[in-house]
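Residue-level structural notes
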Amino acid sequence: MEISTAACPPSPSADAGRMSPGDFDTFFTADMPRLRRRLLALTGNPHDADDLLQETYLRLTRRARAQNLTHQQHPYAYACTVALNLLRDSWQHPSRREHSTDRLPEAGWDGGLASYEASATTLALLSVLSEKEAAAVILVDLEGLSHDTAGERLGAHRGTVQRNRMRGLAKMRAALAN
C-alpha cells in the first residue's frame, strides 16, 4: 500500500512563519487528536495508533531540540509524514513490532552468580543452627529425604528429626527477618 504525504494536509492553525522549539509542545498537543484520528483510520487499532503517536512525538522532539523542526512551514503535515513513515516501516519490518505471548522469556545466564549467592546464603543460614538442626534441615529439605530415612541416617527417631528440623527452620526464618 502506498501512502502519500498528500493524505496529510497542512494544519490550518499553523502560520506561515517559523516554529520555535518552545512552541513544539503547544503545537503537538493541539494537533494530537487530529493526528491520532488519522493514525486510527490507517491502523484500525487504537493501541497501534497510540504507539505510533508516541513514537512520532519522540522523533519530533529530537528534531525540535536540534532545531530542524523550526524550519517547517506546515508542522502538522511534517508530523503526519513522520507518523506515516513510521507506519510504513512497521509494515516493511514486522519483526520490529512487539508481540504478546503467554510464555516468560528465558532466564539469562549470570555466570553462576545467582547460584553462588544462593549457596553462600544457605551456608550462612545453616551456620546459625546446631549440628543436629542443620543435619535435619539438610537431609529433609535440601536432599529431599523423608523424616524416617533421615532418622535412620542420623541414628535418631523420626520425631527427633522432625523436631530438630522445625527448630532449625524457625531459627533460619528469624535470621532472615533480621
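Please refer to the structure placed before this passage.
Let us look at the structure shown here. All of these numbers come straight from a predicted model, not from anything done at the bench.

1. Focus on the packing of aromatic side chains
Evaluation of the coordinates by the stated rule reveals 1 aromatic pair. Just above the ring of Y76 sits the side chain of R34; from NZ or CZ to the centre is 3.8 Å.

2. Some remarks on the side chain of T56
The residue T56 is located in helix α2 (residues 46-65) in this model. Once residues lying within four places of it in the same chain are set aside, the contact partners of T56 are F28, L35, A79, V82, A83 and L86.

3. Let's talk about the nonpolar core
Core analysis: the largest hydrophobic core is formed by 17 residues, its most contacted members being F27, F28, L35, L39 and L60. Contributions of two or more residues to this core are made by α1 (24-43), α2 and α3 (75-92). The leading source of residues in this core is α3, at 8 residues. With sequence-adjacent residues up to four places away left out, L39 is seen in contact with G44, A49, L52, L53 and A83. Ranked by size, the runner-up nonpolar core spans 7 residues in total, among them L129, V137, L169 and M172.

4. Notes on α1
Within an α-helix, residues lying three or four positions from one another point in the same direction, as the helix has 3.6 residues per turn. Taking the largest bend as the criterion, α1 deviates by roughly 50 degrees, centred on M32, and proline P33 comes between one and four positions later. Residues of α1 that are buried: F24, F27, F28, D31, L35 and L39.

5. Things to note about the pattern of salt bridges
Scanning the entire structure with this criterion turns up 6 salt bridges. Taking the shortest distance from any N to any O, the salt bridge between E55 and R59 comes out at 3.6 Å. Here E55 and its partner R59 are both found in helix α2, 4 residues apart, which amounts to about one turn of the helix. The partner of E133 in a salt bridge is K171, with the nearest N and O atoms 3.0 Å apart. Taken together, the residues span a long stretch of sequence, with E133 in helix α5 (residues 131-142) and K171 in helix α7 (residues 158-177) at a distance of 38 residues. Relative accessible area serves as the criterion here: at 6%, E133 is assigned to the buried category.

So, how was this worked out
Residues numbered from 1 in each chain as written. Predicted model: local features only at pLDDT ≥ 70, side-chain atom pairs only at ≥ 80, totals over all residues. Heavy atoms only, no water. Phe/Tyr/Trp six-rings, centres within 6.5 Å; stacked < 30°, edge-to-face > 60°. Lys NZ or Arg CZ within 6 Å of the ring centre and 35° of its normal. Helix = DSSP H or I, 4+ residues; strand = E, 2+ residues; numbered from the N terminus. Contact = heavy atoms within 4.5 Å. Core = buried A, V, L, I, M, F, W, Y, C linked by side-chain atoms within 4.5 Å. Buried < 20%, exposed > 50% of the residue type's maximum accessible area, 1.4 Å probe, protein only. Bend = angle between axes of the 7 residues up to and from the residue. Salt bridge = Lys/Arg side-chain N within 4 Å of Asp/Glu carboxyl O.

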